[in-house]
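Single-letter residue listing:
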Amino acid sequence: MKTLLSFKALLSLTFVVLFLCSLSVSPVAAQHILAKVSGKVLSDSGVALEGVTVTVKNIARATATDASGSFTLTNVSDNAVLSFSYQGYEQQEVRLDGKTTVAVTLVTTVKNLSDVVVVGYGTQRKSATTGSIASVKADEITQTPVANIAQGLAARASGVQITQNSAAPGGNISVRIRGTNSINGSSEPLYIIDGIQITNSGGVNDVSPLSTINPSDIESVEILKDASSTAIYGARAANGVVLITTKRGKRGVSRVQLETYQGIQNITKTLAMMNAAEFADLENDIYKSEIYPDPKSLGNGTDWQDIIYRQAGMQNYQASVSGGSEKTNFSLSANYFDQDGIVINSNFKRYSLRATLDHTISNRFKVGASMLTSYSINNKIPTGLSSMDGSLVTQGIVGATLGAPPTLVPYTEDGKIYPFADQFNGRYREISNPLGLAEILNRNAIRRTLANVYFNAKIINGLTYNASFNADIGSTLTDYYSPLYILAKVEVNPNSGSGSKANANTLSWLHESVLTYNKNFGDHAFKFTGLYAIQNDLYNTNSISASGFPNDATLNEALQLAINRTVSAYRSKEALNSFMGRINYGFKNKYLLDITARYDGASKFGANHKWGFFPAVAGAWRIIEEGFMKDSKVFSDLKLRATYGVTGNAGAISPYQSLALEGSGSNYEFDHVYTTGISPTGIPNADLRWEKSAQTDIGLDIGLFNRINIAMDYYDKTTKDLLFVKNLPLSSGYASVTGNFASIRNKGFEFSVDANILDGAFKWNANANLTINRNKLLGLEGGVDEYVLNPYSVLKVDEPLGIFKTYVFDGIYQTGDSVLPGSGSRVGGVRVADLNSDGQITADDQKITGNANPSFIFGFSTNLSYKNFDLSIFLSGVQGNKIFNLSRYTFENGLGGRNVVKGLVNRWSETNPGNEYASGFQGGRLPVSNRFVEDGSYIRMKNITLGYRLPQVKFINTARIYASANNLFLITKYSGYDPEVNTFGGSNTVIGVDNLVYPAARTFVFGLQVTF
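Source: prediction; values computed, not measured. (Residues numbered from 1 in each chain as written. Predicted model: local features only at pLDDT ≥ 70, side-chain atom pairs only at ≥ 80, totals over all residues. Heavy atoms only, no water.)

### Digging into the overall build of the protein chain
Here is the rule: Strands here are runs of E lasting at least two residues and helices are runs of H or I lasting at least four, both read from the DSSP assignment and numbered beginning at the N terminus. For the radius of gyration, the atoms used are the C-alpha atoms, and the globule rule reads 2.2 Å times the number of residues raised to 0.38. Only heavy atoms enter the contact rule, under which two residues are in contact if any of them lie within 4.5 Å. For accessible areas, the Shrake-Rupley method is used with a probe of radius 1.4 Å. Any residue's cover is judged against the shown protein chains and nothing else. We count Lys and Arg on the positive side and Asp and Glu on the negative side, and we leave His and both chain ends out. Note that the charge is assigned to NZ on lysines, CZ on arginines, CG on aspartates and CD on glutamates.
Along the backbone of the protein chain there are 10 helices and 51 strands. On C-alpha atoms alone, the protein chain measures out to a radius of gyration of 32 Å, which is about the 31 Å that the 2.2 N^0.38 rule sets for 1012 residues. Overall, the protein chain is about 105 × 65 × 65 Å in size when its C-alpha atoms are taken along their principal axes. Sequence separation of 24 or more characterises 69% of the internal contacts of the protein chain that already satisfy a separation of 6 or more. A total of about 43700 Å² of accessible surface is found on the protein chain, and carbon and sulfur atoms cover 56% of it. Across the protein chain, the centroid of the 89 positively charged side chains sits 9 Å from that of the 84 negatively charged ones.

Now the structure itself:
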């Protein structure tokens, strides 16, 4: 793709300008002889302020106030000017004029983080925003011990649904901002960390890229939800944008901060499975023989969940130092995070270092850089299988744990793992000992570096230019080895043992040139932002797999010793070029207008649609500024907002999907030689184009009594030209084709309230949010009304994504009942309803029996403090969603050979003619019915934290200890481990399915925070 400007030329020009600017640095003025001064600093409400930075202006001398608000400076000139700065308050300067003591009162300012928001390529006062933007504070994100930034956002902002796909250490999450916007493409938002753009796959067994970033380095998070706010990122913004700002050094005295916490995790719930006596009785019943002559004598047997699940520890250590002078600010931080999983042998570790530097060359030029590097090690336990086949389900550790016969034992007499095929004459060889599965090496070692360099120049008054160069560099080494010693004797053969190594490397670099002009003309405020950006994403992977190892001595470090070996390699590249312009106009700070247009070109779309145009317009009326509202004693803010815009989803497909593709696999024999063949695999589509989301938003911001802030939004978003992989008939010679075949609509309502209830010696604030979203599939190409995804999920026009279509459970066939043809059942077996009353069971008797999308989601938090004590409480909830409990379907089916749920103790028999559980001799699979579609509603106590600030001692500014309980309790009717589940990870179509994912844990944490 051709670019407007050579990147190398632009880079060279920028560094030339940097060099010339450095020559113009003015020398520092000579220092004066100094005297002594002391004083006290209070807030405008009369509260002593601790940690206020007191600086002697124009010289490198500063201190900070103590817990009583007092400070002392020695050797200060009689006519010196002292500068007082504190986050959340207006900076104030005081000239001494011979005074040796001063009393200062700082006034609350609108320029704190709660009133200034990051809007992309700049900041904006919250009162001047026209779009829908949610802000989350850093202390809210880190209130719970999380490895992933997105985990800390859960239930913190309206319009954002976050699902923990897997509760494994470092496990992945799915984030949906205002619903699901794609079918085959990603619906995950774009994350921008200090200008560096990253994305997340949402795969249930993937390591989230956000887990490689230390949450303690975060300063603030803004979530851009409406089209006007996100249009500045055009092609990648259809799913919303999460702007993450990290901590940087601030002018003033240097500060050292240390933080540590230790935690204990336990599984929140175990599932009720049969004990040994009950299982033996079921086996006898199923096979109509005395496999176990005396079941009752076996007692409870082995509790496999008790063996596999453990009490697990977690620990975190954080150290940082920051500070700065009038010209240079810096920050350094280091972090170590270690979390064991509640499943044995699972673990996640992260080591990270971060540094930032900002330097003012002169009053016109500024440069800076930041770098975050991390090394993560994730020992994985793969969970979340998509199969409905019982034998495959039990190959995962959670499935194997539930299905393991309690009549078998975990270890041999000499303490070795006892394969099931070596027990009970090999009767249970189809099930693996879960202890053996836990011994399989499955490790990801991830190295990642995020780097940013910027140059800022004030060209003329009001006109600035900012050039940034960003890089995201990552590499992942995946090690896998399944050892021989976990196999039964009869299973060992020359091809036994398997191992692999895979290396994946990513490089994403981005240059952005931003020109900003800001000018006020009387009552008119005008700001223009122009952008040119170029981005390249490079990816390559290579791997080798092998089987047939002589022994376990070398694990997978000597794959050349194996008998069978295969290699593979892959490489891809994609580019995105962008131009953007944004105009912000305000009249009397009363009428606000924003106009944005972005033009993006992406290499991976068809030749006829490489470029996309993404416009947006927004307006706001600050009613509070009208004359009739000026003297209001009730309203402190009142603003009406309206926006409309179009955004794109460049992440909907992988590279090269618009081209004619060829691949291996069509091997053949030529001249008696087996030859690797290459054949066409993809149909070219020059018209493959962008997915585009057009969104309307109407919002109202209300402030009451200077204490309560309310935000309400109604939105309507339609996404057209959805990229969809359509299956083709075999006669075409191709399996599928990618094209723009569908459209989706999301509309909903968001509500949030933030109340500062008390603000004195006793402080109390509360926050609540509520989100209602309705999703609907508007159409599929060719007049197709329904598309079957699997035996329980379909895509259906005029219905939401994520619906379940099943038979309707109608009890158990009793003695004397006529078994309907087509049901595949018998007396004592499951009966499903004959919905069309045709006297037989067919696919026409299936109906929509559930919707995985919630009716609404909500969050509530409150913080209280009195003197040195503080208490915070955080609740979250989801209501009205359904879950297809696929694991229950598996373990409610008494096929024999594996354990089942305890409920089957009450199975049907001639002497116990129940109407819930099928008989033990039914045979075959259970019909897929609404019996396994359960209510997924819940209310979760996410966190309770109690803290105490220790009395001040010498050399320590503040010290706080705290205790925290996370996931303390859960109110739900769901029968599985946890209702917050999604086996299919980031899938847009098959959601709300529970098939043996990693269980959730309850965590108790004790921590210490110290500032010097």
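Next, the rest of the story.
### Here's the deal with the pattern of salt bridges
Side-chain pairs of opposite charge can arise whenever the charged atoms involved come near each other. Quick note on the threshold: The salt bridge definition used is simple: a Lys or Arg side-chain nitrogen within 4 Å of an Asp or Glu carboxyl oxygen. Think of it in three bands: with a 1.4 Å probe and only protein chains considered, a residue is buried below 20% of the maximum accessible area for its type, exposed above 50%, and partly exposed in between.
The full count for this structure, using the stated rule, is 40 salt bridges. Between Arg 622 and Asp 637 there is a salt bridge, and its shortest N-O distance comes to 3.3 Å. Of the two residues, Arg 622 sits in strand E28 (residues 611–622) while Asp 637 sits in strand E29 (residues 635–648), which places them 15 residues apart along the sequence. As far as the burial class goes, Arg 622 and Asp 637 line up, both buried.

### What to know about the sheet that holds strand E3 (residues 62–64)
Heads up, the rule is: Two strands pair if DSSP finds at least two bridges between them. Under this scheme, a helix contributes an axis fitted over its contacting stretch, all axes are lines through C-alpha atoms, and angles between N-to-C directions fall in the 0 to 180 degree range.
Strand order across the open sheet formed by four strands is E3-E2-E5-E6, with antiparallel pairing between neighbours. Every other strand in the sheet has two partners, leaving E3 and strand E6 (92–95) as the edge strands with one partner each. Neighbour to neighbour, the strand axes of the sheet diverge by 20° on average, direction disregarded. Here four bridges tie strand E2 (residues 53–56) to strand E5 (residues 81–85), and the two strands are oriented antiparallel to one another. Bridge assignment links Val 54 to a residue of E5, and that residue is Phe 84.

### Describing the confidence of the model for the protein chain
Cut-off, in case you're wondering: Each residue carries a pLDDT score, the predictor's confidence in it, ranging from 0 to 100.
Residues at a pLDDT of 70 or more form 92% of the protein chain, whose mean pLDDT is 87. Scored below 50 in pLDDT, residues 1–31 shows 36 contacts in the model against residues more than four places distant or in partner chains. Of the regions scoring below 50 in pLDDT, residues 110–114 engages in 10 contacts with residues more than four places distant in sequence or in other chains.

### Considering the packing of aromatic side chains
Rules: Ring pairs shown here join Phe, Tyr and Trp side chains whose ring centres sit within 6.5 Å, with only the six-membered ring taken for Trp; geometry is labelled stacked below 30 degrees between planes, edge-to-face above 60, and tilted in between.
For the coordinates displayed, the defined rule picks out 27 aromatic pairs. On the numbers, 6.4 Å between centres and 20° between planes, the contact of Tyr 351 with Tyr 375 is stacked. With Tyr 351 in strand E20 (residues 347–360) and Tyr 375 in strand E21 (residues 365–379), this pair connects stretches of sequence that are 24 residues apart. For Tyr 375, a relative accessible area of 28% translates into the label partly exposed.

### Things to note about helix H5 (residues 276–287)
Threshold: Here the expected span of a helix is defined as 1.5 Å times the quantity of residues minus one. Pairs of N or O atoms within 3.5 Å make up the polar contacts considered here, provided that, within protein, one atom can donate a hydrogen while the other can accept it, and that residues adjacent in sequence are counted only when both atoms are side-chain atoms.
Given a rise of 1.5 Å per residue, 12 residues ought to cover 16 Å, and the 17 Å separating the end C-alpha atoms of H5 matches this to within 8%. The element H5 is extensively covered by neighbouring structure, given that 10 of its 12 residues are classed as buried. All of the buried residues along H5 are Ala 276, Ala 277, Glu 278, Phe 279, Ala 280, Leu 282, Glu 283, Asn 284, Asp 285 and Ile 286. Regarding H5, its N-cap is Asn 275, as a side-chain oxygen of that residue lies 3.2 Å from the backbone nitrogen of Ala 277 further along. Just downstream of H5 lies Lys 288, where phi reads positive at about 55°.

### Let's talk about the sheet that holds strand E16 (residues 241–246)
Spatial strand order, E10-E15-E16-E13-E14: five strands in an open sheet with mixed pairing. A single partner strand is all that each edge strand has here, and the edge strands are strand E10 (133–137) and strand E14 (196–198). Averaged over all neighbouring strand pairs, the angle between strand axes comes to 20°, with direction disregarded.

### Notes on the nonpolar core
Threshold: Residues belong to one nonpolar core when they are buried, are Ala, Val, Leu, Ile, Met, Phe, Trp, Tyr or Cys, and are joined through side-chain atoms within 4.5 Å.
In this structure, Ile 308, Tyr 309, Val 343, Ile 397, Leu 402, Phe 891 and Tyr 977 are the most contacted members of the largest nonpolar core, which totals 44 residues. Of all the secondary-structure elements, those providing two or more residues to this core are H5, helix H6 (304–308), helix H8 (397–403) and helix H9 (434–438). Those residues within four positions of Val 343 in sequence are excluded, and the remaining contacts are Ile 308, Tyr 309, Arg 310, Ile 381, Ile 397, Tyr 998 and Pro 999. Ile 141, Ile 149, Ala 150 and Ile 193 belong to the second-largest nonpolar core, a separate cluster that totals 26 residues.

### Quick notes on the side chain of Asp 713
When you line up the elements, Asp 713 lands in strand E35 (residues 708–727). Among the polar contacts listed, one links the side chain of Asp 713 to the side chain of Arg 641, at a separation of 3.0 Å.

### So, unusual backbone geometry
In this structure, Leu 555 is a non-glycine residue whose phi angle is positive, near 50°. Residue class for Leu 555 comes out partly exposed when judged on its relative accessible area of 39%. In this structure, Asp 798 takes a positive phi of about 70° despite not being glycine. The topology assignment puts Asp 798 in the loop between strand E39 (793–796) and strand E40 (803–806).

### Here we look at the pairing of strand E11 (residues 160–164)
Taking burial as the measure, the five residues of E11 include four buried ones, the bulk of the element. Relative to strand E12 (residues 173–177), E11 runs antiparallel, the two sharing five bridges. When the sheet's bridge partners are listed, Ile 162 is paired in E12 with Val 175.

### Quick look at a nonpolar patch on the surface
What counts is decided by this rule: Patches in this entry comprise residues that are over 30% relatively accessible and not in a salt bridge; like charges within 9 Å are linked, as are nonpolar side chains (Val, Leu, Ile, Met, Phe, Trp, Tyr) within 5 Å.
A grouping of Phe 528, Ile 583, Leu 593, Ile 595, Val 617 and Tyr 644 is seen on the molecular surface, where their side chains present a nonpolar patch of about 470 Å² in accessible area. A relative accessible area of 41% means that Ile 595 is categorised as partly exposed.

### A short note on the environment of Asn 148
Counting through the fold element by element, Asn 148 comes out in the loop between helix H2 (138–141) and helix H3 (149–153). Here Asn 148 falls in the buried class, since its relative accessible area comes to 0%. Taking C-alpha positions, Asn 148 is 34 Å from Ile 595, a pair spaced 447 residues apart along the chain. Setting aside residues up to four positions removed in sequence, Asn 148 forms contacts with Gly 171, Ile 173, Ser 208, Leu 210, Ser 211 and Pro 215.

### Overview of the pairing of strand E51 (residues 1001–1011)
As judged from the 11 bridges shared by strand E17 (residues 252–267) and E51, these two strands associate in the antiparallel manner. Bridge pairing in E51 places Ile 267 opposite Ala 1001. Two elements, strand E49 (residues 958–972) and E51, share nine bridges in a ladder whose sense is antiparallel. Among the inter-strand pairings, Ala 959 is bridged to a residue of E51, identified as Val 1010.

### Some details on the side chain of Asn 329
Secondary-structure assignment places Asn 329 in strand E19 (residues 328–340). With residues near it in sequence (within four places) discarded, Asn 329 still touches Gly 249, Lys 250, Arg 251, Gly 323, Gly 324, Thr 356, Leu 357 and Asp 358.

### Overview of the environment of Leu 638
Tracing the backbone through its elements, the reader meets Leu 638 in strand E29. Each C-alpha atom of the pair Leu 638 and Glu 626 lies 9.9 Å from the other, and the pair is 12 residues apart in sequence. Leu 638 has contacts with Trp 621, Arg 622, Ile 623, Ile 624, Met 629, Leu 700, Asp 701 and Ile 702, leaving out every residue within four places of it along the chain.

### Quick look at the environment of Glu 750
Tracing the backbone through its elements, the reader meets Glu 750 in strand E36 (residues 736–759). Contacts of Glu 750, omitting those with residues within four sequence positions, involve Ser 132, Ser 158, Gly 159, Arg 178, Lys 225, Ala 711, Met 712, Asp 713, Tyr 715, Leu 770 and Thr 771. Only 2.8 Å separates the side chain of Glu 750 from the side chain of Lys 225, close enough to count as a polar contact.

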